[in-house]
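# Inside the fold
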Amino acid sequence: MATTLLIYIVIAAVGLWLFFYIFPINLWVTALFSGVRVNLFDLVFMRFRKVSPGLIVNSMITATKAGITGVTTNLLETHFLAHGNLSAVIKALIVADKAQLNLSFKQATAIDLAGRDVLNAVQVSVTPYVVIVPSITGVSIDGIQLIAEARVTVRTNLQRLVGGAGEETIKARVGQGIISCIGTTKSYLEVLENPESISKAVLANGLDAGKAYEILSIDIEDINIGHNIGAGLQIDQAIADLKIAKAKAEEKRAMAVALEQEWIAKVQEAKALVIEAEALVPQAMSEAFRKGTLFAPPKPLAPIKKK
């Protein structure tokens, strides 16, 4: 008899636990006393949809107590089923509301589902932070290399956070602006004397257009002088010109040597002709001796007829 009673008690306890698990009456009562109207059967159906009723109810209570409007259990359940972070979204909405930022539940869930930390985005929008830009190297018109280090103060632009370019694009655009400003400066001394001119020029270009962050200020932390690029280029050009001049001089020398060898060959050719002519003299003398005309008087010249 005692064993049977114990079995009945266990079955009753299990049944009672199963009943309260399927029908979360405690959550329903808590929601009612917190001013949140939730249908009990909606909580039951959440179990079958593999949605945590406790998370939904607690999120609704938190949003209601904080004065957040436009949030329903269906919206919370949809975001949960989309694998969103409900706690972060509700906290971000509360922070945005207290800071008087224009952030709706739809925007917050879109930011969360886009893979960004929505709570951190709202906090950065309230409290700006500094983006450290790596050392940027530029060359002024006079050829002096300048190395600038910048700090960019930004805050999140919640309206462009989804689809907007991130921090790396901010760094790239600021670096491009600094290089452009240094490159259009006539003398490096102007940059050293007035570094804030770079900040003003870069900010005036609207570098934060289409970005997830709004640039509040650009501060040039340090500027160092690098190499004299202009002088180095001039030296390289002079060396190149010297090599060209040497090549041209060598070409002229080679041409002169070739011309000299050509004239030497012509002299040798003339000498050969002289030797050949000298060799014909004894032959002519022997021929004349044989003919007996060696000692004959020369024939008179024919008179020149006058016209």
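This text goes with the structure placed above it.
Residues numbered from 1 in each chain as written. Predicted model: local features only at pLDDT ≥ 70, side-chain atom pairs only at ≥ 80, totals over all residues. Heavy atoms only, no water.

## Quick notes on unusual backbone geometry
Even without glycine at this site, H83 takes up a positive phi of about 65°. Along the polypeptide, H83 turns up in the loop between α5 (73-81) and α6 (86-98). The exposure class of H83 is exposed, given its relative accessible area of 75%. In this model, Q100 sits at a positive phi of 60°, which is unusual for a non-glycine residue. Structurally, Q100 is set in the loop between α6 and α7 (105-113). (Helix = DSSP H or I, 4+ residues; strand = E, 2+ residues; numbered from the N terminus. Buried < 20%, exposed > 50% of the residue type's maximum accessible area, 1.4 Å probe, protein only.)

## Quick notes on the sheet that holds strand β2 (residues 144-156)
Through backbone hydrogen bonds, the strands of a sheet pair up, either in parallel or in antiparallel fashion. Here we have three strands laid out as an open sheet, ordered β1-β2-β3, and antiparallel in their pairing. Looking at which strands have only one partner, the edges of the open sheet turn out to be β1 (129-139) and β3 (213-228). Ignoring strand direction, the axes of neighbouring strands in this sheet form an average angle of 20°. Of the strand pairs in this sheet, β1 and β2 are connected by nine bridges, and their pairing is antiparallel. Its bridge partner lying in β2, V131 is registered against V152. The sheet contacts of helix α9 (residues 167-183) involve β1, β2 and β3, and relative to β1 the element is tilted by about 35°. (Pairing = 2+ DSSP bridges. Axes fitted to C-alpha atoms, helices over the stretch in contact; angles between N-to-C directions. Contact = heavy atoms within 4.5 Å.)

## Some thoughts on the pattern of salt bridges
Oppositely charged side chains are able to pair whenever their charged atoms sit close together. Going through the model one piece at a time under the given rule, you end up with three salt bridges. For the salt bridge of E250 with R253, the shortest nitrogen-to-oxygen distance reads 2.7 Å. Remark: R253 and E250 occur in helix α12 (residues 229-291); sequence separation between them is three residues, near one turn of the helix. Between E262 and K266 there is a salt bridge, with its nearest N and O atoms 4.0 Å apart. (Salt bridge = Lys/Arg side-chain N within 4 Å of Asp/Glu carboxyl O.)

## Here's the deal with the environment of I136
Looking at the element boundaries, I136 is found in strand β1. Along the backbone, I136 and G175 are 39 residues apart, and their C-alpha atoms lie at a distance of 6.0 Å. Not counting the four nearest positions on each side in its chain, I136 is found in contact with L146, I147, A148, G175, I178 and I179.

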